[in-house]
Amino acid sequence: MRRGPKLTDPVVFFTGLSQATILSDPVRGLRELAAHIFFSADSGYARKDVLAALAYLHTVDILGATALIAGMGQTANMNDSIPPDSRIYVSGHRGLVGSAICRRLAADGYQNVLTASRDQLDLRDQAAVSCWFAEQQPEYVIHVAGKVGGIEANRAYPAEFLYDNLMIHATVLQAAWRHKTKKLLYLGSSCIYPRDCPQPIKEEYLLTGPLEVTNEAYAIAKIAGLKSCQAYRRQYDCHFISAMPTNLYGPGDNFDLETSHVLPALIRKFHEAKLSGSEDVVVWGSGSPKREFLYVDDLANACVFLLNQYDDEQTINIGTGQDVTIGELAQQIGDIVYPTSRVVFDATKPDGTPRKLLDVGRLHALTWRHTTELEEGIRRTYQWFLENNGET
Ligand code: GFB
């Protein structure tokens, strides 16, 4: 059954996997092929070649191949979607998420990506934002700008998290509507779901219970942004969509120990312990909360995918569907960065939400899946940290 190397050629081309890998792990071949098809319309391979590759994978009895083949009419034809010369504004392009999205768009051949630094444009200022939109006329907007931070930053600066984010979302959405942006993608955060909602978290659990107190201000502002997208859709019939990413990490992250999220903080802590020769690495809280982590380049793929393929009022979760305890995460980072170290938990620090695992069934049904597993993502992030000294 597992013959026909010619038919694997398109899979090799699209995914960069070796033929041997595809033959020994066709599920992986299929998944990575599906992810790449969405971004490779002009790669020179005809749709029939892709279909042949999928058909081949189907013959080795891969779950889901049939659905993919059925969906090929939409998925292989990227040229019906956003043209490569479109003017696409990425707000927050210097941050973890914005920079990954710019990388993705450039790799996909989009030549007119618009950005504005904080010095050039204060996104809290409606007049300035409206002016900028009037001048630049973005046709598409991927809105990821906002004030973000880990559990300690959220505790220390709730007023700033609320004000800055409320204003930024309001000005950008209003300007996008006024200047007739064709489509806008808004990114929320998994912390906007109720603290104690059932796991994994389905999109419809939004606003069904109280929020986690450590990030209430941020969550309220993010919910306002999401609800604004829905309101503009309803009242003005514009194509504003929203997506809800889980906890993100990767190159370009914030490694500041006071304001960062847990994953970059632990990379820095283990690294500095290794340099100083100290055995103990302090991990905040009990180590028992569970978190789901998505590598930021996967998130960027999902964003471009959704901008092309999705147009619904309902928000959509973006994650891996897998989570780990903070203790397990610390162990995994320690094994990579400083294997002989010892973890010490600091119970005076808050745990925050006990668990927030997203239900990614709707995204998977659209055939999108992450490709970077946690261990590989940590290794790449640590490498970036070493090369950049943790500076963005
Ligand atoms: O990533 P993190 O700051 O944010 O913390 P949240 C996750 C968990 O890791 C908490 C623990 O239980 C922290 O106590 N932790 C252990 C640490 N050691 C450390 C450390 O050195 N630094 C940090 N930062 N945490 C944020 C929200 O919640 O999630 C934001 O506050 C946002 O609003 C973001 O939504 C995605 O996952 O708890």
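Here the structure is a predicted model, which means the values were calculated and not measured.

## Quick look at the site of the ligand
Here's step 1: Neighbouring the ligand are 22 residues; I151, K269, R291, P350 and D351 lie closest to it.
Here's step 2: In the environment of the ligand, an oxygen atom lies 3.0 Å from a nitrogen or oxygen atom belonging to the side chain of N247.
Here's step 3: One nitrogen or oxygen atom from the side chain of K269 is found 2.7 Å from an oxygen atom belonging to the ligand.
Here's step 4: Contact with the protein chains covers 97% of the free accessible surface of the ligand, which is 700 Å².
Here's step 5: Taken together, the elements giving at least two residues each to the shell around the ligand come down to α8 (151-156), α11 (262-276) and β7 (280-284).
Here's step 6: Top element by residues in the shell around the ligand is α11. It accounts for three residues.
Here's step 7: Of the residues contributing to the shell around the ligand, the split by class is 10 nonpolar, eight polar and four charged.
Here's step 8: Taken domain by domain, the shell around the ligand gets at least three of its residues from each of domain 2 (87-250 + 296-318) and domain 3 (262-291 + 322-358 + 371-387).

## Focus on the packing of α11 against helix α13 (residues 326-337)
Here's step 1: In the contact formed by α11 and α13, the axes pass within 10 Å of each other and the chain directions differ by 45°. Put simply, α11 runs oblique to α13. Considering how the two elements wind past one another, α11 and α13 form a crossing that is right-handed. Taking contact as the criterion, the partners of V262, L263, L266, I267, F270, H271 and K274 in α11 are, on α13, I326, L329, A330, I333, G334 and V337.
Here's step 2: The residue makeup of the contact of α11 with α13, split by class, is 10 nonpolar, two polar and one charged.

## Quick notes on the nonpolar core
Here's step 1: Ranked by internal contacts, the top residues of the largest apolar core, which has 38 residues, are Y89, L123, F133, L184 and F240.
Here's step 2: Excluding its chain neighbours within four sequence positions, the residues that come into contact with L123 are Y89, S91, V129, A145, M167, I168, T171 and V172.

## Section: unusual backbone geometry
In most cases, non-glycine residues show a negative phi, while peptide bonds are predominantly trans.
Here's step 1: Here the amide bond leading from Q199 into P200 is cis, since omega sits at -10°, within 30 degrees of zero.
Here's step 2: Secondary-structure assignment places P200 in the loop between β4 (183-187) and α10 (216-236).
Here's step 3: Even without being glycine, K180 reaches a positive phi, approximately 60°.
Here's step 4: Note on placement: K180 falls in the loop between α9 (158-178) and β4.
Here's step 5: Its relative accessible area of 68% is what places K180 among the exposed residues.
Here's step 6: For D237, which is not a glycine, the phi torsion comes out positive at approximately 60°.
Here's step 7: Note on placement: D237 falls in the loop between α10 and β5 (240-245).

## Digging into the environment of G109
Here's step 1: Topologically, G109 is positioned in the loop between α6 (96-107) and β2 (112-114).
Here's step 2: Each C-alpha atom of the pair G109 and D85 lies 8.4 Å from the other, and the pair is 24 residues apart in sequence.

## Here's the deal with the packing of α11 against helix α15 (residues 374-388)
Here's step 1: Interhelical geometry of α11 versus α15 gives an angle of 60° and a closest axis separation of 11 Å. Classified by the angle their axes make, α11 and α15 are oblique. The chirality of how α11 crosses α15 is right-handed. On α15, the residues that touch L263, I267, R268, H271 and K274 of α11 are L374, I378, T381, Y382, F385 and L386.

## Concerning the sheet that holds β4
Here's step 1: Spatial ordering of the open sheet is given by β2-β1-β3-β4-β5-β10, a layout of six strands whose pairing is parallel. The open sheet has two edge strands, β2 and β10 (316-318), and neither has a second partner. Geometrically, the sheet is characterised by an average inter-axis angle of 20° between neighbouring strands, direction not taken into account.
Here's step 2: Of the pairings in the sheet, the one linking β4 to β5 comprises four bridges and is parallel in character. Each residue of the ladder has a partner; that of L187, found in β5, is A243.
Here's step 3: Along the sheet, α6 makes contact with β1 (87-91), β2, β3 (140-143) and β4, crossing β1 at roughly 155°.

## Brief notes about the pattern of salt bridges
Here's step 1: On inspection of all chains with the given rule, the structure shows 20 salt bridges.
Here's step 2: A salt bridge links R379 to E375, with the shortest nitrogen-to-oxygen separation between them at 2.8 Å. Taken together, the residues R379 and E375, both in helix α15 and four residues apart, mark about one turn of the helix.
Here's step 3: A salt bridge links R380 to E376; the shortest N-O distance between them is 3.0 Å. Of this pair, R380 and E376 both sit in helix α15, separated by four residues, roughly a single helical turn.
Here's step 4: Through salt bridges with shared partners, one network takes in D122, R124 and D164.

## Concerning the confidence of the model for the chain
Here's step 1: Per-residue confidence for the chain gives a mean pLDDT of 88, with 83% of residues at or over 70.
Here's step 2: Every residue in residues 38-44 is under pLDDT 50, and counting partners more than four places away or in other chains gives 17 contacts.
Here's step 3: This stretch, residues 66-80, has a pLDDT under 50; its non-local contacts, to residues over four places away or in other chains, come to 28 contacts.

Rules used in this analysis
Residues numbered from 1 in each chain as written. Predicted model: local features only at pLDDT ≥ 70, side-chain atom pairs only at ≥ 80, totals over all residues. Heavy atoms only, no water. Near = heavy atom within 4 Å. Polar contact = N/O pair within 3.5 Å; in protein donor to acceptor, adjacent residues only side chain to side chain. Areas by Shrake-Rupley, 256 points an atom, 1.4 Å probe, with all protein chains shown as cover. Helix = DSSP H or I, 4+ residues; strand = E, 2+ residues; numbered from the N terminus. Nonpolar A, V, L, I, M, F, W, Y, C, P; charged D, E, K, R; others polar. Domains from an automatic or database assignment. Axes fitted to C-alpha atoms, helices over the stretch in contact; angles between N-to-C directions. Parallel < 35°, antiparallel > 145°, perpendicular 65-115°, else oblique. Left-handed = near helix turned anticlockwise from the far one by under 90°. Contact = heavy atoms within 4.5 Å. Core = buried A, V, L, I, M, F, W, Y, C linked by side-chain atoms within 4.5 Å. Buried < 20%, exposed > 50% of the residue type's maximum accessible area, 1.4 Å probe, protein only. Pairing = 2+ DSSP bridges. Salt bridge = Lys/Arg side-chain N within 4 Å of Asp/Glu carboxyl O. pLDDT = per-residue confidence, 0-100.

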